[in-house]
Amino acid sequence: MDHRTLQNRRILISGASVAGPALAWWLARHGFRPTVVERAPQLRGGGYAVDFRGAAHLSVLAKMGIKERQTHLSATTYVDEEGRPVASMPAGIFAGEVEILRGDLGRILYEATRDGTEYLFGDSITGLHQDESGVHVTFRRGAPRTFDLVIGADGLHSNVRGLAFGGHRDPVEDLGLYVSIFSVPDRYGLDHEGLLYSVPGRTAAIFSAPGTDEAVAQFFFTAPDGEPVDYDYHDTARQQKILARAFEGVGWHVPDLLGQMPAAADFYFDSVSQVRLDRWSSGRVALIGDAGYAAGPGGNGTGTAVVAAYVLAGELAVARGDHRVAFARYEDQLRRYVARGQKQARGGRDFLAPATAKKIRRRDRFFRMLPYLPVKGLIRYLSTRTATAIRLPEYP
Ligand SMILES: Cc1cc2nc3c(=O)[nH]c(=O)nc-3n(C[C@H](O)[C@H](O)[C@H](O)COP(=O)(O)OP(=O)(O)OC[C@H]3O[C@@H](n4cnc5c(N)ncnc54)[C@H](O)[C@@H]3O)c2cc1C
């Protein structure tokens, strides 16, 4: 493609997790000049497996040459307080076709983009002012600069959304479920497997992190009194207190895992929330991934982010950089797809942290019976249907 006929080539992306670097990859390929600003001082590792399923996700990954580093988990087992298995969730039913540790995916995307992309770590946008000539951006640390377009790929609590979509009703809906994930030394003898222990409203889990000598601890809990938990997403110490309080008195490996929490370099805590906006762009500024339309666990958030990066960059290329045309087409292509993912994710709460002992028993019974039920194909079909519900255009 002839880069001389492209307009709006200088594009600033806020956020270097999944959506940001994936978008940078496609933009650079189409002849744009992406810059990515990330608040963290370096690439943020951590998190557990993110999965991709169905033709849409896999075809974009294949076009990007990403197919390695699968977690290859065998099974996930629910255990009682003594660690005895009570039910098992067979591998390959709920997991996608490609399951990658989130930290690995971030690193793969970063390494694939850093030659054609300017990365600014340890900085954050403080102001956006747009006019016909571009977007004038101020930064917390760096000198002010002007870009042609700005894309917010900065997650659930998006900074860009706050700066450019002001006046909108709060678009974040807290689903009353909280998640924390962090690495611990693997002293649990895990072999490509996961163990989960539930008490009413709370589930703790340990998963193998293949290829490392660590394991991943994961916690889900519902708001104890039904009211949203009051947390500051910058304040790790307070988040750790909230988590410790939520799991106070819970047995199994929980006290040991919580004891290791202060030493974890990749502690992650957040609410499970959805983002709903009437529009995903405002002039020269647009949103992608969780910043614009977070779905929560089970909503294909990572696959959607990668598909969205392909579509947004492709539409900008086809429109020769005309953001008015490209942003509208990007939204048209993805709205229904995103809505289906969000709808699917809303059912996750009862499964991740069942509210009562009876619901825990019902879940365990379901998994015990699953191998004997003729539903495996159906479950796989249903969980893949949402991820494939988009026809992806071919871009030049
Ligand atoms: C540390 C971490 C662990 C996660 N673990 C899991 C997991 O185990 N399983 C799972 O399914 N999903 C996980 N997620 C969420 C998952 O990555 C997303 O749902 C999905 O991949 C969409 O990604 P995203 O790039 O849109 O947003 P996110 O992955 O949320 O990334 C947003 C990025 O923006 C950066 N950022 C935030 N504010 C600013 C700012 N002001 N300026 C610059 N940069 C900013 C953040 O540091 C982050 O790198 C995790 C997210 C994070 C950040």
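Residues numbered from 1 in each chain as written. Predicted model: local features only at pLDDT ≥ 70, side-chain atom pairs only at ≥ 80, totals over all residues. Heavy atoms only, no water.

Draft legend 1. Quick look at the site of the ligand. Taken together, 27 residues form the shell around the ligand, and within it Ser17, Glu38, Tyr48, Asp290 and Thr302 come nearest. In the model, an oxygen atom of the ligand is placed 2.6 Å from a nitrogen or oxygen of the serine 17 side chain. Separating an oxygen atom of the ligand from a side-chain N or O atom of glutamate 38 is a distance of 2.6 Å. Protein coverage of the free-state accessible area of the ligand, which is 930 Å², stands at 88%. Looking at the shell around the ligand, its residues break down into 10 nonpolar, 10 polar and 7 charged. (Near = heavy atom within 4 Å. Polar contact = N/O pair within 3.5 Å; in protein donor to acceptor, adjacent residues only side chain to side chain. Areas by Shrake-Rupley, 256 points an atom, 1.4 Å probe, with all protein chains shown as cover. Nonpolar A, V, L, I, M, F, W, Y, C, P; charged D, E, K, R; others polar.)

Draft legend 2. Structural detail: the pattern of salt bridges. Overall, the coordinates contain 13 salt bridges when judged by the stated rule. Note that arginine 346 and glutamate 173 form a salt bridge whose closest N and O atoms lie 3.1 Å from each other. In this pair, arginine 346 is assigned in the loop between helix H9 (323–345) and helix H10 (349–352) and glutamate 173 in strand S12 (residues 172–185), connecting sequence segments 173 residues apart. For arginine 346, a relative accessible area of 42% translates into the label partly exposed. Across the salt bridge formed by arginine 187 and aspartate 256, the nearest N and O atoms sit 2.7 Å from each other. Pair noted here: arginine 187 is in the loop between S12 and strand S13 (194–199) and aspartate 256 is in helix H6 (residues 254–260), with a separation of 69 residues, a long-range link. Residues participating in the shared-partner salt-bridge network are Glu173, Arg276 and Arg346. (Salt bridge = Lys/Arg side-chain N within 4 Å of Asp/Glu carboxyl O. Helix = DSSP H or I, 4+ residues; strand = E, 2+ residues; numbered from the N terminus. Buried < 20%, exposed > 50% of the residue type's maximum accessible area, 1.4 Å probe, protein only.)

Draft legend 3. Looking closely at empty space enclosed by the protein. Enumeration according to the criterion identifies 2 cavities of 30 Å³ or more in this entry. Quantified by volume, the largest cavity comes out at close to 60 Å³. In terms of lining residues, the largest cavity is bounded by Gly289, Asp290, Tyr293, Ala294, Ala295, Gly299, Asn300, Gly301, Thr304, Val338, Gly341 and Gln342. For the lining of the largest cavity, the secondary-structure elements that each account for two or more residues are helix H7 (290–293), helix H8 (301–318) and H9. Looking at the lining of the largest cavity residue by residue, the class counts come to 4 nonpolar, 7 polar and 1 charged. Of the pockets and cavities examined, the second largest cavity occupies roughly 40 Å³. (1 Å grid on protein atoms, 1.4 Å probe; cavity = no way out; pocket = protein on both sides within 12 Å on 5 of 7 lines; lining within 4 Å. Points joined across faces, edges and corners; volume = space filled by probe spheres on them.)

Draft legend 4. The arrangement of the packing of helix H2 (residues 54–64) against H8 in detail. For the pair H2 and H8, the least separation of the axes is 9 Å and the interaxial angle reads 60°. If you check the angle between H2 and H8, you find them oblique. In this structure, the crossing between H2 and H8 has a hand that is left-handed. Along its contact with H2, which presents Ala56, His57, Val60, Leu61, Lys63 and Met64, the element H8 presents Gly303, Thr304, Val306, Val307 and Tyr310. Class assignment of the residues belonging to the contact of H2 with H8 gives a composition of 7 nonpolar, 3 polar and 1 charged. (Axes fitted to C-alpha atoms, helices over the stretch in contact; angles between N-to-C directions. Parallel < 35°, antiparallel > 145°, perpendicular 65-115°, else oblique. Left-handed = near helix turned anticlockwise from the far one by under 90°. Contact = heavy atoms within 4.5 Å.)

Draft legend 5. Structural detail: the packing of aromatic side chains. Applying the stated criterion across every chain yields a total of 20 aromatic pairs. Judged by centre distance (6.3 Å) and plane angle (45°), the ring pair of phenylalanine 221 and phenylalanine 269 falls under tilted. Within this pair, whereas phenylalanine 221 is found in strand S15 (residues 214–222), its partner phenylalanine 269 is found in strand S16 (residues 268–275), the two being separated by 48 residues in sequence. Classification of phenylalanine 221 by relative accessible area gives buried; the value is 2%. Taken together through their ring pairs, the aromatic side chains of Tyr178, Phe182, Phe219, Phe221, Tyr231, Phe247, Phe267 and Phe269 make up a single cluster. (Phe/Tyr/Trp six-rings, centres within 6.5 Å; stacked < 30°, edge-to-face > 60°.)

Draft legend 6. The sheet that holds S16, seen in detail. Read from one edge to the other, the open sheet built from 7 strands follows the order S5-S4-S13-S14-S15-S12-S16, with strand pairing classed as mixed. Where the open sheet ends on each side, the last strands, each with one partner, are strand S5 (85–90) and S16. The average angle at which neighbouring strand axes cross in this sheet is 20°, direction not considered. Pairing between strand S4 (residues 75–79) and S13: 3 bridges, direction parallel. Each residue of the ladder has a partner; that of threonine 77, found in S13, is leucine 195. (Pairing = 2+ DSSP bridges.)

Draft legend 7. Structural detail: the sheet that holds strand S9 (residues 134–139). Across the sheet, 3 strands lie side by side as S8-S9-S10; this open sheet has antiparallel pairing. If you trace the sheet from one side to the other, it starts and ends with strand S8 (125–131) and strand S10 (145–147), each paired once. Adjacent strand axes in the sheet meet at a mean angle of 25°, parallel and antiparallel pairs treated alike. Where S8 and S9 come together, 6 bridges link them in antiparallel fashion. For isoleucine 125, the partnering residue across the bridge sits in S9 and is phenylalanine 139.

Any functional reading would require information beyond the geometric quantities listed.
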